[in-house]
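This is what each chain is made of:
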Amino acid sequence: MAAAASSWPPLSPGERSVAIEVLVHGPLSRTEIARRLGLSPGSLTRLTKPLIESGLLVEVPEAGGMAEVRQGRPSQPLDVVADSRYFVGFKITQDMVYGVVTTLRSEIVARHDRPLTTRDPGEVAALLARMTDELSRGRPGVAGIGIGVGGLVEDRAVVGESPFLGWRGVPLAALVEERTGLPVVVENDTAAFVEAETWFGAGRGLDRFVVLTIGAGIGYGLVLGGRRVPYAGDEDRGFGRHWIVDPHGPLTPDGRRGSAVSLLTIPNIRYQVRAATGHDLTWEEILAAAAAEEPMAARVTEEAGRALGTLVAQIANFVMPQKILLAGEGVGLMDVAGKVVGDAVRDNRHPQAAPVALETKVSDFHDWARGAAVLAIQVLVLGAAPA
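Below or above, wherever it landed, is the structure these notes cover. Because the structure is predicted, anything quoted here is derived from the model rather than measured.

**Considerations on helix H6 (residues 189-200)**
1) Next: Across its 12 residues, H6 extends 16 Å between first and last C-alpha, which sits within 8% of the 16 Å expected from 1.5 Å per residue.
2) Next: In terms of burial, H6 is largely enclosed, as 12 of its 12 residues are buried.
3) Next: For H6, the complete set of buried residues consists of Asp189, Thr190, Ala191, Ala192, Phe193, Val194, Glu195, Ala196, Glu197, Thr198, Trp199 and Phe200.
4) Next: Between a side-chain oxygen at the N-terminus of H6 and the backbone nitrogen of threonine 190 the separation is 2.9 Å; the capping residue is asparagine 188.

**Side note on the sheet that holds strand E7 (residues 108-115)**
1) Next: Overall, mixed pairing links the 5 strands, which are arranged E7-E6-E5-E8-E12 in an open sheet. Two strands close off the open sheet at either side, each with one partner strand: E7 and strand E12 (184-188). Each adjacent strand pair in this sheet contributes to an overall mean axis angle of 20°, direction not counted.
2) Next: Pairing of strand E6 (residues 96-102) with E7 involves 7 bridges; the strand directions are antiparallel. Of the residues in E7, the one forming a bridge with methionine 96 is proline 115.

**Side note on the packing of aromatic side chains**
1) Next: What the rule picks out here adds up to 3 aromatic pairs.
2) Next: The interplanar angle of 35° and the centroid separation of 5.0 Å between the aromatic rings of tyrosine 98 and phenylalanine 365 together place this pair among those described as tilted. Of this pair, tyrosine 98 sits in strand E6 while phenylalanine 365 sits in helix H13 (residues 365-381), and the two are 267 residues apart along the sequence.
3) Next: The exposure class of phenylalanine 365 is partly exposed, given its relative accessible area of 21%.
4) Next: The ring centre of tryptophan 368 lies 5.2 Å from the NZ or CZ of lysine 91, which sits over that ring.

What counts and how
Each chain has its residues counted from 1, following the order in which its sequence is written. Residues qualify for local features only when their pLDDT is at least 70, as the model is predicted, and side-chain atom pairs are given and counted only at 80 or more; totals for whole chains, interfaces and linings, by contrast, use all residues. Water and hydrogen atoms were dropped before computing side-chain values, which therefore reflect all heavy atoms in the structure. Each helix is a run of DSSP H or I of at least 4 residues and each strand a run of E of at least 2, with the numbering of both proceeding from the N terminus. Given a helix with a known number of residues, its expected span is that number minus one, times 1.5 Å. For every residue, the accessible area (1.4 Å probe, protein chains only) is compared with the maximum for its type, and the residue is labelled buried under 20%, exposed over 50%, or partly exposed between those bounds. For the purposes of these results, a polar contact is taken to be a pair of N or O atoms within 3.5 Å, where, inside protein, one atom must be able to donate a hydrogen and its partner to accept one; residues adjacent in sequence count only when each atom of the pair is a side-chain atom. Strands qualify as paired when DSSP identifies two bridges or more between them. Axis lines are fitted through C-alpha atoms, for helices just across the contact stretch, and the angle between N-to-C directions can take any value from 0 to 180 degrees. Pairing of aromatic side chains requires ring centres within 6.5 Å, counting the rings of Phe and Tyr and the six-membered ring of Trp. Pairs whose planes differ by under 30 degrees are stacked, by over 60 edge-to-face, and all others tilted. Lysine NZ or arginine CZ positioned within 6 Å of the ring centre and within 35 degrees of the ring normal marks a charge as sitting over the ring.

Structure (structure tokens):
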């Protein structure tokens, strides 16, 4: 059983704001922190004192060796000690569990994956406990666990429904806490990924930011005012199935005709190629065939690229984000259909509209596990529940 690290005292709202600002953007001078948060020097001193005393924040040398001068005396920038606490994150798929350990700044320092041979909740919780022991080896400062699951998650603790796992009403957080002695937070995997990118990734410091993921399904996350907009239900329920990008598009086993799911998900792209050729190709084989200009693979991926560009343009037209991050195991589509995507984006935008800032992130399931660890950082250490 992993040993829990000692926790910092509960933070007041003001202390939490300071801690988050330094964690996400630090090291920062006291003057900069006060400016960002609209605080007086006296208020900032009052808020930072307990954070320094508890060891959450520390004074660090400033680049160039010149500390700022505050009230007649030098003041060094404040930062967090990234390796003072570690966090375990898990991403559960249909057949694998991907695990990572991160620092307080979400830097991955270890990975450990295991096949998922059973979907019995108790057995899965036992597997997560064994993996936590493995990941925690030599790291006594593990402070909490985050778990990302595809599906509906209630109160960041109970998997209300997960079609991928066949679960309904599974109290996963409690099951894992019983076996590890560590605090646990569970969340929809897309929500966790969006939180990680908002705090520590492509969306850091942005007011309006969108995450779009393509792979086994379609995921969507919206950030407004620097905070993720929560959904009443599952983060990806119905988004791709009901967003029609081509009403004359293909009819596939999953998703309405011409929907984003029908055109863009890996299972449905594989279905289209199999229906046309009689050959059951892997995603990698389809991309290689498209790159070699084999007709059916090239046609299907071109249609998918056009659908992706249309979807990106529609999102940009309505949300007006500063950036759209495209991620997921299906982003290899950009390698063979990137030009088609770009053309479709421009075709569906006003000629004088600002270009869409589309960033592609080649990610694997460890990035999703890292997202779950970020939730543990937010909820378990700073007491800052996601938006």
